[in-house]
Amino acid sequence: MGTCYYPEQWDFKLWRQDLKRMKACGITTVRIAEFAWNKIEPRENEFNFDFFDCFLDIAEEEQIKVIFGTPTATPPAWLTKAYPEALNCRKDGVKFCHGMRRHYNYNSPKYQELSARIVERAASHYGKRACIIGWQIDNEINCEIDEFYSESDNLAFREFLKEKYEDIDCLNQAWGTVFWNQTYNQWDEINLPGITIQNTSNPHQLLDYIRFVSESAIGFCKMQSDIIRKYKKPEDFITTNGMFGNLDNHKMMDTCYDVYTYDSYPNFAYGIGRDALHSEDLNDRKWSFNLSQVRSICPHFGIMEQQSGAGGWNTFAGPAPKPGQMLLWAMQSIAHGADYISFFRWRTATAGTEIYWHGILDYDNRDNRRLTEVAETGRRMKNISEAVGSDFEAQVALLRDYDNSWDSQIDLWHGEILHKSELEIFKASQLTHTPMDIVYLLNDTETQELRQYQVLFYPHPEIVTPEAAEVLKEYVKDGGCLILGCRAGQKQKDGQCVMEPMPGLLSALTGTSVKEYTYVGPADEEVQFEWDGKKLSAGIFNDILEQVSSESVVLGSYTGNYYAGSPAFIKNTYGKGTVLHFGGTFTEETVREILQFTGIREPYKNYMILPDGCELCVRKKDSCLYFFVLNYGRVSQEIELKKTLYDMETKENLTGTVVIEPYGVAVYRTSLE
Amino acid sequence: MGTCYYPEQWDFKLWRQDLKRMKACGITTVRIAEFAWNKIEPRENEFNFDFFDCFLDIAEEEQIKVIFGTPTATPPAWLTKAYPEALNCRKDGVKFCHGMRRHYNYNSPKYQELSARIVERAASHYGKRACIIGWQIDNEINCEIDEFYSESDNLAFREFLKEKYEDIDCLNQAWGTVFWNQTYNQWDEINLPGITIQNTSNPHQLLDYIRFVSESAIGFCKMQSDIIRKYKKPEDFITTNGMFGNLDNHKMMDTCYDVYTYDSYPNFAYGIGRDALHSEDLNDRKWSFNLSQVRSICPHFGIMEQQSGAGGWNTFAGPAPKPGQMLLWAMQSIAHGADYISFFRWRTATAGTEIYWHGILDYDNRDNRRLTEVAETGRRMKNISEAVGSDFEAQVALLRDYDNSWDSQIDLWHGEILHKSELEIFKASQLTHTPMDIVYLLNDTETQELRQYQVLFYPHPEIVTPEAAEVLKEYVKDGGCLILGCRAGQKQKDGQCVMEPMPGLLSALTGTSVKEYTYVGPADEEVQFEWDGKKLSAGIFNDILEQVSSESVVLGSYTGNYYAGSPAFIKNTYGKGTVLHFGGTFTEETVREILQFTGIREPYKNYMILPDGCELCVRKKDSCLYFFVLNYGRVSQEIELKKTLYDMETKENLTGTVVIEPYGVAVYRTSLE
Amino acid sequence: MGTCYYPEQWDFKLWRQDLKRMKACGITTVRIAEFAWNKIEPRENEFNFDFFDCFLDIAEEEQIKVIFGTPTATPPAWLTKAYPEALNCRKDGVKFCHGMRRHYNYNSPKYQELSARIVERAASHYGKRACIIGWQIDNEINCEIDEFYSESDNLAFREFLKEKYEDIDCLNQAWGTVFWNQTYNQWDEINLPGITIQNTSNPHQLLDYIRFVSESAIGFCKMQSDIIRKYKKPEDFITTNGMFGNLDNHKMMDTCYDVYTYDSYPNFAYGIGRDALHSEDLNDRKWSFNLSQVRSICPHFGIMEQQSGAGGWNTFAGPAPKPGQMLLWAMQSIAHGADYISFFRWRTATAGTEIYWHGILDYDNRDNRRLTEVAETGRRMKNISEAVGSDFEAQVALLRDYDNSWDSQIDLWHGEILHKSELEIFKASQLTHTPMDIVYLLNDTETQELRQYQVLFYPHPEIVTPEAAEVLKEYVKDGGCLILGCRAGQKQKDGQCVMEPMPGLLSALTGTSVKEYTYVGPADEEVQFEWDGKKLSAGIFNDILEQVSSESVVLGSYTGNYYAGSPAFIKNTYGKGTVLHFGGTFTEETVREILQFTGIREPYKNYMILPDGCELCVRKKDSCLYFFVLNYGRVSQEIELKKTLYDMETKENLTGTVVIEPYGVAVYRTSLE
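Residues numbered from 1 in each chain as written. Chains lettered and ligands numbered in written order. Predicted model: local features only at pLDDT ≥ 70, side-chain atom pairs only at ≥ 80, totals over all residues. Heavy atoms only, no water.

**Comments concerning the overall build of chain A**
At step 1: Looking only at helices and strands, chain A features 18 helices and 28 strands.
At step 2: Relative to a compact globule of 673 residues, whose C-alpha radius of gyration would be 26 Å, chain A shows 26 Å and is just as compact.
At step 3: Structurally, chain A occupies a C-alpha span of about 75 × 75 × 45 Å along its principal axes.
At step 4: Taking all 673 residues of chain A together, 68% fall into the buried category.
At step 5: The long-range fraction of contacts in chain A, counting pairs at least 24 apart against all pairs at least 6 apart in sequence, stands at 73%.
At step 6: Surface summary for chain A: the accessible area is close to 21900 Å², and the carbon and sulfur share equals 48%.
At step 7: In chain A, 68 side chains carry a positive charge and 96 a negative one; their mean positions are 5 Å apart. (Helix = DSSP H or I, 4+ residues; strand = E, 2+ residues; numbered from the N terminus. Rg over C-alpha atoms; globule rule 2.2 N^0.38 Å. Buried < 20%, exposed > 50% of the residue type's maximum accessible area, 1.4 Å probe, protein only. Contact = heavy atoms within 4.5 Å. Areas by Shrake-Rupley, 256 points an atom, 1.4 Å probe, with all protein chains shown as cover. Lys, Arg positive; Asp, Glu negative; His and termini not counted. Charge placed at Lys NZ, Arg CZ, Asp CG, Glu CD.)

Here you go:
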């Protein structure tokens, strides 16, 4: 268990006092230095290592382990004054200036040079320190802003495109520049997506732009990790923290890091501006969706920043976590695969923008109930320490890929349907206590990786590449069950629509053809489809299906709009497997039915019956199952244990009705016969 | 019947196949080339005509007629790279860049030169081709953006003002620059309306700015039409398409074109972001208002782009048209005066921003129900082909003028009242089945043109010029009935208020004086007026009237607010005619009563009785009346034919109750005895 | 009584006619020239005084007194063309241009030079004119925009900081630049708060920035008043008008002026965009809050612009004042301390942005009901003229200071709680007819100034300086009652939080400590506290209190959320006085109870009983009390006089039930035995 610590001023006494208090409540590790450029290089090319040398001395004396951050997230004032080309820009070219963080761009050669130098100096100086156990590169890559418009980015974008397309005619083809006469003759006619009328740019250019941003970020981090690897102790790890947009986090992980850490702030769900009472996304429990994504990047991850107080800047804020919520949210992270928890931050900052991003301690530095809760969390974690390294168990997965996620940012229809369906699939899995993984279909994903799942939801893969189609075919052929929604197979990798019937490359698999499609507009009545006597919503977009295979069976038909009676839901048999092609977008209710139909709903109902308000996560190690039951509500919940299970906290064997307190967590163990 | 076609790539086989399929469903004409600069001049001053030569060869072989567009709406990348002064700018000076269309400005001398050259080359090369029947200049002039802030525009604005005012003191007088010390000593101190605190500029400057934009656009189009006239075949027409803001479309028509074409997309009414179920503007039927405006520009117009699928960009969208709606909307165009219909577009674009602007065919290029509906539309059009050239019939007109329309964009009160009243007048005419024209009071409008209308609604002419006052006096003197609402006669042509009692220049005509006036604020109760025992809403703004003529009669008085009991509605006799001066803004109910009072409501009730859900349009040719009955609803409607009428589709004589199907259209003919 | 007059064009006849009409209705004074730079210096360094010489001649002939304005609010076009550095800029550096007013910046040396020159020329030329009685500097300082981003401001900001901090390390300390590595090494690395990601800047920098803006404005005005003092007649006063943000109006008054005048436009409350029917701020009566602030700056102030018609620009507007409202609002000003009323403006402008900012007369220049109401106001004012110079009476005051007001603009929590509590305290004082002052705690405020109040509400002083703590201690020690809400004592003057328990420097006074605190989030149920058997709302933020003094008594405890049972409201005895420390934010109901508890509620209930709809103000002079009763409603109200009072309008002695007409005002006098 760790925390994030900001020494800030030379104050040995306070430092030592803080580290002692940490140890007393079970904290063994601190992360430091991730914004501290000036502490090491206060003026250009003047290096001074005393500050952290002193701190590390004390840490070693106090036996506290250290994760050391590189400071590149906050270039100093002397740097941006001397080299304004290091700054990121607003889309219209206005440079961002001091006052916030992450004001730099990844592609400035000068900034790359100065970043490389400070990382080299820091790693070479501190790399062998005994207390250091790992390195964090930069901080929250692509947080706050994930678009870049400096001239350095513009030049780098052209190089990225040259390398990708080689021939400018290929770029013109991929971007469909014949439309609206956007054809380019020379590479230097091409710019970043810029200021346009009605703020609308060529969508294929935008898709490549996102890929470019992702590559830029990864390249910047790889430059740093390559340097650190030269100097770190062999056993120390390299990581970064957070998980943000316009970034292929999987590739970043594989290219740069040893382990991935996430920053988990579920209290955003209750902040000012949110209507948590009427939200439809399960509020803080929605973070389980995020944690599932993190798990897909790195099955055994860490939490570098775990919420330990009210979050907020001077410009936004929320309430304090209720007693129990800090422990609950830490356990949520663990239930989903975290093997390390570090609370953000030790003490609340008394100055700066993050004045309301509360740490464990308040400004007044007194012991408080949150410190007690941290100690309690540490105690609870010890009781389940045998589960470290166990694997999250799921028979169903939500399939995602970066091409479609990014296209959904650019394409209104894609964005609406994908966002909606993924949320509903998540909710259905949560509320039926059917643990679910999120799996990414990457360039190197092999069918084998998918085989562990009986069922895959791939709700709206508009973009389907031949490689992806091949992997999916293999998966189904081998007995998998693939579930698709509307608009599958509509596009190719460049975001252009294919001139063939949907679902395009998947049609052999689905045994279907999309005859016509329509958005369900604001003036349309809800469209339903009938399946096995039940009427279910067909969602916000409808593909009107046709059968094109003799193996296919119509499971459900639309009951409304002008296509009433047309097939809405078709099952196809392919090899040993099954494909369910649904013409609509998914709702929680539809997904519940599909989980039932595919026989994977509530797989642990022989162990326990849970109410809606509790999440169930299951981790497995050797022949043991660990059941995590998390109550997100402000009232207690009753669960029904159908078998005798071992409560790892009370160390009792339990059966029958058990009460989970408000914001409470129980962890049960059972042995698999 | 036509369509818009985009050859895009050399693909003779596809082109020929497409043209054959068009012919098979009744399409005889295609529009091409309106964005295709690079297809003719791929590099500066390198011309190559092969692409369209080939296409026109095939068109001639397939006997398809062609409307050829000039490509100036989309300057190429090589052009804007070499001559960035061709670009339009954001108000703060940031240049618009590639990624959208219409990124140019009308006033750059360089862009004018290059535009003139490509138009000259295209017209001289293709002008004598047999298949060509007409020319479209540019595309949707002033669409997407109708404000221009490049330095070329700034310089041109000064020239425009010098020419208009000659003496800078006249400009100072017209702009009221003495207010807030905005006086100009030199022409070069004057700029386009720029970035100001709270985004508020001198309103008289803004009014001249809009006039300047309009003149700039017209000048740019006239430059092109003058060139084309030198090369085109004598029988070929020149036109443009659409109808957009900050543009005197009447003057543009008279100065540049032979015929006007409009782009009709009624499905916008059902798009994302609209609340069509609760809208108060009749949704797609509101396009009849637009079509009436087009008719005022050109009584027998064309539709260059008629909706043939779901509309949308990657950034906005809507549902597919329901079966029947495409035909309905095409017939709506015809009922209002269109003698040519061209569907946009043949096939949906697979790439680019307009990826969701659906054509007749989907991406998959298969035959579909929309293609069938196009063919059906063609068949129906043939059955009514004898009505081509017939005139729209109306006894009442809504009077408009550009000065007031533009002032209403600048002036909040003017904008609110004019928008509201025009909509309500439109709705009352629609729902009472009283066909209405829209007529523009232009510089050269003569009284004679107005005489064909028994009644003219001129709801809120804040600006009244002496010339306009004269025309209106003549109209009333000769027996016309003029209806005015609040704030009439408040301003002069420069947008300044007159220092005399309202309605100013119209007071002799109205026999009234406005004692006081007030906006009806958000905390005020609805104000009513009583007229002949009925209480009607006085709307959102109230002029408190006084009689100043012995001929005047108070018809109604306010019943609320602090002016209860004061005259609200005064009738004056002037010459052989009548003026009704209403102190409020119009509501549908008030207009219904006025139509009744003036004896022109429901003029065809001896022919048929219609429910609210159906629009009635009447066209006349020789001694025949053609009744178009259009059902905009999703349920069928019953109409009652009071006389025997000839159904031009079924070729039967009908009387009594007839059912109009959902989205159905009937056309009846009768002979005038 | 006066008005604002705009001669605009040479028109002796109109001027004379206007002045005669003014006199006829009791207007004796006009303000002129505040935007008229070009009338005096039409070209750079060409001065011509004829225009106002002529006007002043006529004014003297007509015996109208004149307040003369300096024209620096609207630099001429010739000036900004020649010296663009005089312009203010948008935050991103785009210069504001002509079209509005106040487009200049205070810190341009060139603009300061030219401003000084025209003020010198105007004051030296007109200074001795007999009709002139006073000078207005500029116009509405910091109106429309109170942020400045020109390069001149940037340079001046650095100088301001150098002078304030001397050592850059002190600045780094005060701004907490160690956070996010914002440390500055050189002064020229520092800039104005600029364009940042997510528009968030260092909050301590922002606080200094506001102080800088305030100092800049005051310096600019002082430069002018120093010049005018050299030339004006000794008896003439110097003032400015309005009261706007980012400005220490008290310091500006003390530094530059002899008297303060305010611009009062209560009809904003009923304008477009406001929902006056459902507002919670008492609408036009809310202006009494503003007037109380003005009174704190200058106890006997003037109104330079009193609303006399519908307000509005071409871009926003509202209804006309109802008959009676103009008189009501003028009397509201007088009741709160105004001894001079000038109506804005004589006649409505026929041109320019303020075309809908109606004057007494409409464009048509006819006599109207508003002119009649002005005359009536003058007549009523004569009847109460003996009250001129009387003092506003209050036993309770709301305490404010600039540090906290400005911090509340930067800090979301601070802004929400302070805005809410101040409004509720105001409402409770209004609705219980407990007249209240607003008092500012300034650098030079002495305890003595506070002693006149039995009770002080200082709801949320997050920033507490040692000096302020000392003054408050003295106040309480001497017997005062101080009431504090949540978050008191959280910060120091630079906006940084203190590392000690709240209420920090006030804890000795309160006998309390804040154990923990939380925002009451959108998903939380309302939290209440129980006090003496009553359950009252604890508002939107809760400090959980602890007693730390044996003198303290818990008055109330929370009944909900996780801190139910904890102290919410603690009373401490300190010296002869009392401190009430409330952990929540104030609601009207809570304040009503506190007013009752402290024994100061409804202090004049022995004189009269009033309904909620009427405001009561009391002014005192010698041994006379003047009661102003103002009815803001559209229906009449009954009041009950418990003693016999002299009605200064009817000149009758009244007792018992009296009816106050809609928008009516009564003024009663009584003698104190």
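Having seen the structure, we can now continue with the description.
**A short note on the relation of the copies chain C and chain B**
At step 1: Its rotation angle being 120°, the transformation that places chain C on chain B also includes 0.0 Å of axial translation and leaves an RMSD of 0.0 Å. Each copy turns onto its partner about a three-fold axis.
At step 2: Looking at chain C, a mere 2% of its interface residues are interface residues in chain B too, so the copies touch through different faces. (Least-squares fit on C-alpha atoms with pLDDT ≥ 70 in both.)

**Comments concerning the interface of chain A and chain C**
At step 1: Tallying the contact residues gives 64 residues for chain A and 55 residues for chain C.
At step 2: Across the interface of chain A and chain C, roughly 5100 Å² is buried in total on both sides, 58% from carbon and sulfur atoms.
At step 3: Interface area lost by chain A to chain C is led by N314, Y356 and Y363 of chain A, which between them contribute 12%.
At step 4: Across the chain A-chain C interface, the total number found is 5 salt bridges.
At step 5: Those elements giving two or more residues to the side of chain A that touches chain C turn out to be helix 2 (37-40), helix 4 (77-82), strand 9 (316-317) and helix 12 (369-383) of chain A. (Buried area = accessible area lost by both parts, 1.4 Å probe. Salt bridge = Lys/Arg side-chain N within 4 Å of Asp/Glu carboxyl O.)

**Observations concerning the interface of chain C and chain B**
At step 1: Of the residues lining the interface, 65 residues belong to chain C; the matching set on chain B comes to 55 residues.
At step 2: A combined buried area of about 5100 Å² lies between chain C and chain B, and 58% of that area is made up of carbon and sulfur atoms.
At step 3: Summed over the shared surface of chain C and chain B, the result is 5 salt bridges.
At step 4: Ionic pairing is found between R634 of chain C and E525 of chain B, a salt bridge with its closest N-O pair at 3.6 Å.

**Points about the pairing of strand 26 (residues 637-647) of chain C**
Looking down a regular strand, the side chains alternate between one sheet face and the other.
Residues and elements named next belong to chain C.
At step 1: As paired strands, strand 23 (residues 608-609) and strand 26 are joined by 2 bridges and run antiparallel to one another. Residue pairing for strand 26: I609 is matched across the bridge by E640.
At step 2: Here strand 26 runs beside strand 27 (residues 652-660); their pairing, made up of 8 bridges, is antiparallel. Bridge pairing in strand 27 links Q637 to I660.
At step 3: Looking at chain direction, strand 26 and strand 28 (residues 665-671) are connected through 2 bridges and run antiparallel. Counterpart to Y646 in the pairing with strand 28 is R669. (Pairing = 2+ DSSP bridges.)

**Topic: the pattern of salt bridges**
Residues and elements named next belong to chain A.
At step 1: By the definition in use, this model includes 159 salt bridges over all chains.
At step 2: Across the pair E649 and R379 runs a salt bridge, and its minimum N-O distance is 2.6 Å. Of this pair, E649 sits in the loop between strand 26 (637-647) and strand 27 (652-660) while R379 sits in helix 12, and the two are 270 residues apart along the sequence.
At step 3: Overall, the relative accessible area of 24% leaves E649 in the partly exposed class.
At step 4: The class for R379 is partly exposed, based on a relative accessible area of 37%.

**Thoughts on the sheet that holds strand 6 (residues 261-264) of chain C**
Residues and elements named next belong to chain C.
At step 1: Strands sit in the order 5-4-3-2-1-10-7-6 across an open sheet of 8 strands; the sheet is parallel. Either end of the sheet is taken by a strand with one partner, and the two such strands are strand 5 (237-239) and strand 6. The sheet shows a mean angle of 25° between the axes of neighbouring strands, taken without regard to direction.
At step 2: Pairing of strand 1 (residues 2-4) with strand 10 (residues 338-344) involves 2 bridges; the strand directions are parallel. (Axes fitted to C-alpha atoms, helices over the stretch in contact; angles between N-to-C directions.)

**Here we look at the sheet that holds strand 1 (residues 2-4) of chain B**
Residues and elements named next belong to chain B.
At step 1: With respect to topology, 8 strands assemble into an open sheet ordered 5-4-3-2-1-10-7-6, the strand pairing being parallel. The open sheet is flanked by strand 5 (237-239) and strand 6 (261-264), the only strands paired with a single partner. Each strand axis lies, on average, 25° off the axis of its neighbour in the sheet, ignoring direction.
At step 2: Two elements, strand 4 (residues 132-136) and strand 5, share 3 bridges in a ladder whose sense is parallel. When the sheet's bridge partners are listed, G134 is paired in strand 5 with F237.
At step 3: Of the strands in this sheet, strand 6 and strand 7 (301-307) are in contact with helix 10 (residues 287-297), which crosses strand 6 at around 170°.

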